[in-house]
Amino acid sequence: QVQLVESGGGLVQAGGSLRLSCVASGTITKINAMGWYRQAPGRQRESVAVISSGGLGNYVDSVKGRFTLSRDNAKNAVYLQMDSLKAEDTAVYYCYAQVVRPGVLGDLNVVVWGQGTLVTVSS
């Protein structure tokens, strides 16, 4: 039972900063990728930033230069530093992880989601 625990969401003025944290817990053999998705009102969920086990990060164009994703493998954690926030960044942010865990018949590859944390950016 792998779980993702998120923290750091809240209300901030445009131009401000927030730092989101996500920690994975449970029996995990390997984390292949970890990052963040978001879903704004009336829009589909989109990938914001995802980092692989090799340290390569992928960002959606709208946040490049403003958001920075980092990963602490020892803590099974990922962090999203969000600077120069804009009103259009307002959304529920979901932690995402692609992990390998032991199963009854062998290792299983699964995707795990956090429950979501709300980020609201006021004009």
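Source: prediction; values computed, not measured.

Colleague: Would you mind going over the environment of T90 in detail, with residue names and values included?
Modeller: Relative to the assigned elements, T90 resides in the loop between strand 8 (77-82) and strand 9 (91-102). Here T90 falls in the partly exposed class, since its relative accessible area comes to 22%. For the pair formed by T90 and S17, sequence separation is 73 residues and the distance between their alpha carbons is 12 Å. Setting aside anything within four residues of it in sequence, one finds T90 in contact with A40, P41, V119, T120 and V121.

Colleague: Please set out the sheet that holds strand 3 (residues 18-25) residue by residue, giving values where relevant.
Modeller: Read across the open sheet, the four strands follow the order 1-3-8-7; overall the sheet is antiparallel. Lying at the two open borders of the sheet, with one neighbouring strand each, are strand 1 (3-7) and strand 7 (67-72). On average, each strand axis in the sheet is tilted by 15 degrees relative to the strand beside it, whichever way the strands run. In terms of strand pairing, strand 7 meets strand 8 through six bridges, oriented antiparallel. In the sheet register, L69 faces strand 8, and the bridge partner there is L80.

Colleague: How would you explain the environment of T29 if you had to name every residue and give the values?
Modeller: Position of T29 relative to the elements: it lies in the loop between strand 3 and strand 4 (30-39). Among the residues examined, T29 registers a relative accessible area of 48% and is labelled partly exposed. Note: C-alpha distance between T29 and A40 (eleven residues apart in sequence) is 33 Å. Residues within four places of T29 in sequence aside, it is in contact with V100, R101, P102 and D107.

Colleague: Go over the side chain of T117, please, and point to the residues and values.
Modeller: Within the fold, T117 resides in strand 11 (residues 117-122). Polar side-chain contacts of T117 include one of 3.4 Å to the backbone nitrogen of G9. The contacts of T117, once residues within four sequence positions are left out, are E6, G9, L20, W36, A91, V92 and Y93.

Colleague: How would you summarise the pairing of strand 3 if you had to cite specific residues and measurements?
Modeller: Consecutive residues of a regular strand have side chains that alternate between opposite faces of the sheet. Two elements, strand 1 and strand 3, share five bridges in a ladder whose sense is antiparallel. Following the sheet pairing, S7 is matched in strand 3 by S21. By the bridge criterion, six bridges tie strand 3 to strand 8 in an arrangement that is antiparallel. Paired with S21 across the bridge in strand 8 is Y79.

Conventions we followed
Residues numbered from 1 in each chain as written. Predicted model: local features only at pLDDT ≥ 70, side-chain atom pairs only at ≥ 80, totals over all residues. Heavy atoms only, no water. Helix = DSSP H or I, 4+ residues; strand = E, 2+ residues; numbered from the N terminus. Buried < 20%, exposed > 50% of the residue type's maximum accessible area, 1.4 Å probe, protein only. Contact = heavy atoms within 4.5 Å. Pairing = 2+ DSSP bridges. Axes fitted to C-alpha atoms, helices over the stretch in contact; angles between N-to-C directions. Polar contact = N/O pair within 3.5 Å; in protein donor to acceptor, adjacent residues only side chain to side chain.

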